[in-house]
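Secondary and tertiary structure notes
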Amino acid sequence: MARLRDPLSGCDWDLAQRWETIAPYTIEEAYEVADAIEHGDPDAVRDELGDLLFQVVFQSRIAEEAGLFRFDDVATAIADKMERRHPHIFATATERPDWEAIKAAERTEKKETAGALAGVALGLPALQRADKLQKRAARVGFDWPDTTGPRAKIDEELIEVAEANEAERADEIGDLLFSVVNWSRHLGIDAEAALRRANAKFERRFAAMERQAGADFAGLDLADKEARWQDAKRSVG
């Protein structure tokens, strides 16, 4: 990475990058790791983890050039954090730690905003962030006792979407999605992963329809497309 960023002999593209320009690639690489895991491909997981690690090296090199920190500092920081959060393994504690108390103490030390919801990254995908916010709230007792409440909330939100005017509709759809995530959480389902699987399923079925219809697919009427969709569901799952 140092050679790629060398001002005299490095790569023009790598030299032009900053934290802000690299961040989207870092997020993309993390998703490619998740995709490789989803496909159960160990070779791809290895390769994608390498790509993700390269992003960490890249970001660290930019920081080192600015005199902020080095890659070794990144590795040391996470090692220290794991030891701090596992005192029952790395220190003398005899019981499992109160995770939230440890994290709250870390936020206080860093002078970060206090509160149960503090520190949930804004850059997370919306479904994943909703799940994390709900889990944080649940840890301080703000949660439904079972699945009945969140399921009923979905029905309530559906009515509010139907009754909303054009200006209100986007907010009401957001509330509905938030409620679906909450129900998923109570059912023990990762909403983000479930939606990724649904996307992949839709892609498989749609591709099957296109293969079956050939170049004429776009010109088919909706009833014919629906029939082919049902065939695709049976044939590709």
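What counts and what doesn't
- Residues numbered from 1 in each chain as written.
- Predicted model: local features only at pLDDT ≥ 70, side-chain atom pairs only at ≥ 80, totals over all residues.
- Heavy atoms only, no water.
- Helix = DSSP H or I, 4+ residues; strand = E, 2+ residues; numbered from the N terminus.
- Buried < 20%, exposed > 50% of the residue type's maximum accessible area, 1.4 Å probe, protein only.
- Lys, Arg positive; Asp, Glu negative; His and termini not counted.
- Salt bridge = Lys/Arg side-chain N within 4 Å of Asp/Glu carboxyl O.
- Phe/Tyr/Trp six-rings, centres within 6.5 Å; stacked < 30°, edge-to-face > 60°.
- Lys NZ or Arg CZ within 6 Å of the ring centre and 35° of its normal.

A word on the side chain of Asp 14
With respect to the secondary-structure elements, Asp 14 resides in helix α1 (residues 12-16). There is no salt bridge for the buried Asp 14, and the closest opposite charge comes from Arg 5, which lies 6.9 Å off by N-O distance.

Re the pattern of salt bridges
Tallied over the entire structure, the rule returns 15 salt bridges. A salt bridge links Arg 18 to Glu 20, with the shortest nitrogen-to-oxygen separation between them at 3.7 Å. The class for Arg 18 is partly exposed, based on a relative accessible area of 46%. Residue Asp 131 pairs with Lys 135 through a salt bridge whose shortest N-O separation is 3.0 Å. You can see Asp 131 and its partner Lys 135 sitting in helix α7 (residues 126-139), four residues apart, about one turn around the helix. Salt bridges sharing partners connect three or more residues here, namely Arg 5, Arg 61, Glu 64, Glu 65, Arg 70 and Asp 72.

Quick notes on the packing of aromatic side chains
Think of a pair of aromatic rings as described by two things: how far the centres are apart, and how the planes are tilted against each other in angle. Enumeration according to the criterion identifies seven aromatic pairs in this entry. Between Phe 54 and Phe 58, the ring centres sit 5.8 Å apart and the planes meet at 70°, which makes this aromatic pair edge-to-face. You can see Phe 54 and its partner Phe 58 sitting in helix α3 (residues 42-65), four residues apart, about one turn around the helix. Overall, the relative accessible area of 34% leaves Phe 54 in the partly exposed class. Put simply, the rings of Trp 13, Tyr 25, Phe 54 and Phe 58 touch in pairs and so form one group of aromatic residues. Sitting over the ring of Trp 183, Arg 151 keeps its end group 5.1 Å from the ring centre. Above the face of the Phe 217 ring, Lys 225 is positioned so that its terminal group lies 5.3 Å from the ring centre.

Fair warning: the whole summary comes from geometry, so function is off the table for now.
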